[in-house]
Amino acid sequence: MGKIVAIALQKGGVGKTTTCINLAAYLAQLGKKVLVVDFDPQHNASSGLGVKVTDKMPSVYNVMCDQIDPTDAIQLTAVKNLEILPSNENLAGGEIELVRMRGREQILRNCLDKIRDSYDYIFIDCPPTLTLLTVNALTAADSVIIPIQCEYFALEGITQLVRAIRLIKSQGFNPKIDIEGILMTMFSRNGLNLQVQAELLKFFGRKVYNTQIPRNVKLAEAPGYGKPICIYDGKCPGAKAYRELAFEFMKRQPE
């Protein structure tokens, strides 16, 4: 059975989508069968993996709200072993439709349960807000990776997300969900970054990844070309960091 990992933090610009795309791509290059679920109406993960997004194409919205088979919406990418369940702007209105649906918190989990045996890992790129979409992602996921830019506003965001995870567990939506890891992004060894790193290590300990993702212009450029960094520029510092993260992620998995 494939492992489902949500990548979440209710703050934009911390590297959620960049992490989702590039961690998934490197795991695929390591021979794992991987699916990215673009669960953000802004559909950045889809365009970042080369999907030509339109409001007519089958998407995660149709899978959840029209109950089409997930395999009818999944698309191949330029990376062998990596596929994507794309999003488009319809997902924004889909959240309103979900409110009226029975078992609305579990719709995504029910959809992914149909296909999780076909993959080693499924990564859900969450929207930057704590909405019903994010609740669905956390209910579907086995664990959560939290990318955090090393600044104090992001620390506030991680506190709110941890509360949301506890609520998901206590309400019985997903009693087994846990934090997979905390990933420091846009990292540089200045005083503020090191202070935030110390706070994260104090409260989360071994949950904090040893790998840190540096600021790197190539990481910012790659999505504009619809490519993960391993294809766009596999030798840049950002590429090397995400490759290291993939190895660290794998090393942390149970046998």
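Residues numbered from 1 in each chain as written. Predicted model: local features only at pLDDT ≥ 70, side-chain atom pairs only at ≥ 80, totals over all residues. Heavy atoms only, no water.

Here we come to helix α1 (residues 16-29). Given a rise of 1.5 Å per residue, 14 residues ought to cover 20 Å, and the 20 Å separating the end C-alpha atoms of α1 matches this to within 8%. Of all 14 residues in α1, 12 are buried, a share of seventy percent or more. Listing the buried residues of α1 in full gives K16, T17, T19, C20, I21, N22, L23, A24, A25, Y26, L27 and A28. Note on α1: the residue one or two positions beyond its end, G31, has a positive phi of about 100 degrees. (Helix = DSSP H or I, 4+ residues; strand = E, 2+ residues; numbered from the N terminus. Expected span 1.5 Å × (residues − 1). Buried < 20%, exposed > 50% of the residue type's maximum accessible area, 1.4 Å probe, protein only.)

The full count for this structure, using the stated rule, is eight salt bridges. Residue K3 is joined to E180 by a salt bridge in which the shortest nitrogen-to-oxygen separation is 2.8 Å. Here the residue K3 occupies a position in strand β1 (residues 3-7), and E180 occupies one in strand β7 (residues 178-187), the gap between them amounting to 177 residues. Among the residues examined, K3 registers a relative accessible area of 21% and is labelled partly exposed. Linking D113 and R116 is a salt bridge whose minimum nitrogen-to-oxygen distance equals 3.7 Å. With relative accessibility at 8%, the residue R116 sits in the buried group. Each of D113, R116 and D142 takes part in salt bridges that share partners, so that together they form one network. (Salt bridge = Lys/Arg side-chain N within 4 Å of Asp/Glu carboxyl O.)

Before going further, it helps to spend a moment on the packing of aromatic side chains. Counted by the stated rule, this structure contains four aromatic pairs. With 5.2 Å between their ring centres and 75 degrees between their planes, Y121 and F249 make a pair best called edge-to-face. With Y121 in strand β5 (residues 121-125) and F249 in helix α11 (residues 237-252), this pair connects stretches of sequence that are 128 residues apart. Judged by centre distance (5.1 Å) and plane angle (25 degrees), the rings of Y225 and Y232 are stacked. Among the residues examined, Y225 registers a relative accessible area of 56% and is labelled exposed. Members of the aromatic cluster, connected to one another through ring pairs, are Y121, F123 and F249. (Phe/Tyr/Trp six-rings, centres within 6.5 Å; stacked < 30°, edge-to-face > 60°.)

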